[in-house]
Amino acid sequence: MSTEVRYQFFISSTYVDLEQERKKVSDLILELNHIPAGMELFSADNEEQWDTIQKVILNSDYYILIIGNRYGSIEAASGMSYTEKEYHFALEHKIPVLAFLADKDYSVSLDKSPREDEASYQKLSEFKDNVKSTRMIQFWTNKDDLTLKIMGSIVKAISKYDRPAV
């Protein structure tokens, strides 16, 4: 029987514009012999979307926040994007947050990043400012840079935070 510790990492970001980045991060987590969790891994269920998200975050040891250039889908009850709501939920439940923000030079093709309205851009800016002022963050420029920075942060987080192991 193996005594190797495996941690679960919840990956939070907008989806359409960061689909490739999420895949690379998920693959990295698997290569490190840990467990990725995120909305693309959810199965069909009768449960409300937010209820499912909360359960998965609570079952995760770490929360990885990736912010690109979109605010994303807004959850009706709170008026916040799911990504921002997930972030606040993770903080509220004292799950260690590893935060990564797209560098100002990062860009994505328009087909991967549909135009958002001005209110969404304002909310994204406020969300980024909040994260930058309350967390240690790393900026990333492309999916390879992001993956490298996440790998380093995972290694440090595992040695720094005492988390229950799966």
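The present account deals with the structure reproduced in this document. (Residues numbered from 1 in each chain as written. Predicted model: local features only at pLDDT ≥ 70, side-chain atom pairs only at ≥ 80, totals over all residues. Heavy atoms only, no water.)

## Notes on empty space enclosed by the protein
Note the threshold: Using only the protein atoms, space was sampled on a 1 Å grid; points where a 1.4 Å probe fits but cannot get out form cavities, open sets with protein on both sides within 12 Å along at least five of seven lines form pockets, and lining residues are those with an atom within 4 Å of a point. Grid points are joined across faces, edges and corners, and a volume is the space filled by probe spheres set on the points. Each helix is a run of DSSP H or I of at least 4 residues and each strand a run of E of at least 2, with the numbering of both proceeding from the N terminus. Amino acids are sorted into nonpolar (Ala, Val, Leu, Ile, Met, Phe, Trp, Tyr, Cys and Pro), charged (Asp, Glu, Lys and Arg) and polar (every other residue, Gly among them).
A complete count under the given rule lists 1 cavity of 30 Å³ or more for this structure. Put simply, the largest cavity is a space of about 40 Å³. Taken together, T14, I66, I67, G68, R70, Y71, T83, L124 and F127 make up the full set of residues lining the largest cavity. Mapped onto the lining of the largest cavity, the elements with two or more residues apiece are β3 (62-67) and α4 (118-134). Among the residues making up the lining of the largest cavity, the classes are represented as 5 nonpolar, 3 polar and 1 charged.

## Regarding the sheet that holds β3
Two strands in a sheet stick together by hydrogen bonds in their backbones, pointing the same way (parallel) or opposite ways (antiparallel). Quick note on the threshold: A pair of strands is treated as paired once DSSP finds two or more bridges between them. Working convention: axes come from line fits to C-alpha atoms, limited for helices to the stretch in contact. Angles between N-to-C directions cover 0 to 180 degrees.
Here 5 strands make up an open sheet; going across it, the order is β2-β1-β3-β4-β5 and the pairing parallel. Whereas interior strands pair on both sides, the edge strands pair on one side only; in this sheet they are β2 (35-37) and β5 (137-140). Across this sheet, the average inter-strand angle for adjacent strands is 25°, counted without regard to direction. In this sheet, β3 lies alongside strand β1 (residues 8-12) in parallel orientation, the contact comprising 4 bridges. In the strand pairing of β3, F10 is matched with Y63.

## A few points about unusual backbone geometry
In the Ramachandran plot, N33 falls in the positive-phi region, its phi being about 65° despite a non-glycine side chain. Turning to its location among the elements, N33 is positioned in the loop between α1 (19-31) and β2.

## Regarding the packing of helix α2 (residues 49-58) against helix α3 (residues 82-92)
Under the convention used in this document: These descriptions rest on fixed angle ranges, namely under 35 degrees for roughly parallel, over 145 for roughly antiparallel, 65 to 115 for roughly perpendicular, and the rest for oblique. Crossings are classed by handedness, with left-handed meaning an anticlockwise turn of the near helix from the far one by less than a right angle and right-handed meaning a clockwise turn. By the convention used here, residues are in contact when the closest approach between their heavy atoms is within 4.5 Å.
At a closest axis distance of 11 Å, the pairing of α2 and α3 adopts a crossing angle of 40°. Taken as axis vectors, α2 and α3 run oblique relative to one another. As α2 runs across α3, the sense of the crossing is right-handed. Taken together, the residues of α3 that come into contact with α2 (itself represented by Q49, W50, I53, Q54, I57 and L58) are Y82, K85, E86, F89 and A90. Partitioned by chemical class, the residues of the contact of α2 with α3 number 7 nonpolar, 2 polar and 2 charged.

## Remarks on the packing of aromatic side chains
Rules: A pair of aromatic rings is counted whenever rings of Phe, Tyr or Trp (Trp by its six-membered ring) have centres within 6.5 Å, and the orientation is called stacked for planes under 30 degrees apart, edge-to-face for over 60 and tilted otherwise. When accessible area is computed with a 1.4 Å probe and restricted to protein chains, residues below 20% of their type maximum are described as buried, those above 50% as exposed, and intermediate ones as partly exposed. By definition here, charges over rings are those cases where NZ of Lys or CZ of Arg is within 6 Å of the ring centre and within 35 degrees of the ring normal.
According to the stated counting rule, one finds 6 aromatic pairs in the structure shown. Judged by centre distance (5.6 Å) and plane angle (80°), the rings of Y7 and Y62 are edge-to-face. Residue Y7 is located in the segment before β1, and its partner Y62 is located in strand β3; the two are separated by 55 residues in the primary sequence. Ring plane angle 15° and centroid distance 4.9 Å describe the contact between F9 and Y62, whose orientation is recorded as stacked. Of the two residues, F9 sits in strand β1 while Y62 sits in strand β3, which places them 53 residues apart along the sequence. For Y62, a relative accessible area of 0% puts it in the buried group. Through pairs of rings, three or more aromatic residues link up here, namely Y7, F9 and Y62. The positively charged end of K85 is found above the aromatic ring belonging to W50, 4.6 Å away from the centroid.

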